[in-house]
Amino acid sequence: MPDSENLKSGLDTEEEPVEEYVYKILVVGDLGCGKTSFIHRYVNHTFSNTYRATIGVDFALKTLRWDTKTSIRLQLWDISQDKNDSVI
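Quantities reported herein were computed from a predicted structural model and do not represent experimental measurements.

**Student:** Help me understand the nonpolar core, please; the structure alone is not making it clear to me.
**Tutor:** In globular proteins that are soluble, nonpolar side chains generally tend to be buried together. Counting five residues, the largest nonpolar core is built from Val27, Ile39, Val43, Ala60 and Leu76. Sequence-distant contacts of alanine 60, that is, excluding residues within four places in its chain, are made with Ile39, Val43, Leu74, Gln75 and Leu76.

Next comes the structure, spelled out in C-alpha cells:
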C-alpha cells in the first residue's frame, strides 16, 4: 500500500527521481522594444497590445519537460530600462 506522502504528490513509489535544472535568463533591451510581450507570449501563450512599461523588474517562470527524467525551469527576468540608464 502506498504511503500518504506519495498519495498527496501523485507519485508512485516506483518512479525514478526527476533531474531539475534552473536557468536564469535576463531579458534586457530598449524601452518599448517588446521584452514583456515576448515573455508573456512564450510563458502564457497570450499577447496584448496594451502592456504598460515595466517598472523595476518583472519575473516569469516556465517549466519544460525535456524528457521523462529531466525537467528544466526557466526564470525569465524582464529588466526595465529607463531612457537615461545605460545597459548592464
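Moving on from the coordinates now.
**Student:** What am I meant to see in the packing of aromatic side chains here?
**Tutor:** How two aromatic rings sit relative to each other is set out by the distance from centre to centre and by the angle between their planes. For the coordinates displayed, the defined rule picks out one aromatic pair. Plain terms: the ring middles of phenylalanine 59 and tryptophan 77 are 4.9 Å apart, the flat faces sit at 65° to each other, and that makes the pair edge-to-face. With phenylalanine 59 in strand β2 (residues 57-67) and tryptophan 77 in strand β3 (residues 70-79), this residue pair connects regions lying 18 residues apart in the sequence. With a relative accessible area of 28%, tryptophan 77 lands in the partly exposed category.

**Student:** Is there a simple way to think about the side chain of lysine 62 in this case?
**Tutor:** Following the sequence through the fold, lysine 62 ends up in strand β2. Notably, lysine 62 is buried but unbridged: the nearest opposite-charge side chain belongs to glutamate 20, and the N-O separation is 15 Å. For lysine 62, the contacting residues outside a window of four places in its chain are Tyr42, Val43, His45, Ile72, Arg73 and Leu74.

**Student:** Could you clarify how one ought to interpret unusual backbone geometry in this entry?
**Tutor:** Trans is the common state for peptide bonds, and a negative phi is the common state for residues other than glycine. Not every positive phi belongs to a glycine, and histidine 45 is a case in point at roughly 60°. Inspection of the secondary structure puts histidine 45 in the loop between α2 (35-44) and β2.

**Student:** Looking at this model, I keep getting lost on the pattern of salt bridges. Mind explaining?
**Tutor:** Two side chains that carry opposite charge are able to pair once their charged atoms sit near each other. Summed over the entire model, instances satisfying the criterion amount to one salt bridge. For the salt bridge of arginine 73 with glutamate 20, the shortest nitrogen-to-oxygen distance reads 3.7 Å. Pair noted here: arginine 73 is in strand β3 and glutamate 20 is in strand β1 (residues 19-27), with a separation of 53 residues, a long-range link. A relative accessible area of 31% means that arginine 73 is categorised as partly exposed.

**Student:** For this particular structure, what's the right way to read α2?
**Tutor:** Those residues of α2 that fall on the buried side of the exposure criterion are Lys35, Thr36, Ser37, Ile39 and Val43. For α2, the secondary structure elements touched by its buried residues are β1, β2 and β3. Positive phi shows up at histidine 45, right after α2, with a value of about 60°.

**Student:** Explanation requested: the side chain of lysine 35 in the structure shown.
**Tutor:** Tracing the chain through its elements places lysine 35 in helix α2. One buried charged residue, lysine 35, forms no salt bridge at all, with the nearest opposite charge on aspartate 78 at 5.1 Å. Apart from the residues lying within four places of it in its own chain, the contact partners of lysine 35 are Val27, Val28, Gly29, Asp30, Asp78 and Ile79.

Criteria and cut-off values
- Residues numbered from 1 in each chain as written.
- Predicted model: local features only at pLDDT ≥ 70, side-chain atom pairs only at ≥ 80, totals over all residues.
- Heavy atoms only, no water.
- Core = buried A, V, L, I, M, F, W, Y, C linked by side-chain atoms within 4.5 Å.
- Buried < 20%, exposed > 50% of the residue type's maximum accessible area, 1.4 Å probe, protein only.
- Contact = heavy atoms within 4.5 Å.
- Phe/Tyr/Trp six-rings, centres within 6.5 Å; stacked < 30°, edge-to-face > 60°.
- Helix = DSSP H or I, 4+ residues; strand = E, 2+ residues; numbered from the N terminus.
- Lys, Arg positive; Asp, Glu negative; His and termini not counted.
- Salt bridge = Lys/Arg side-chain N within 4 Å of Asp/Glu carboxyl O.

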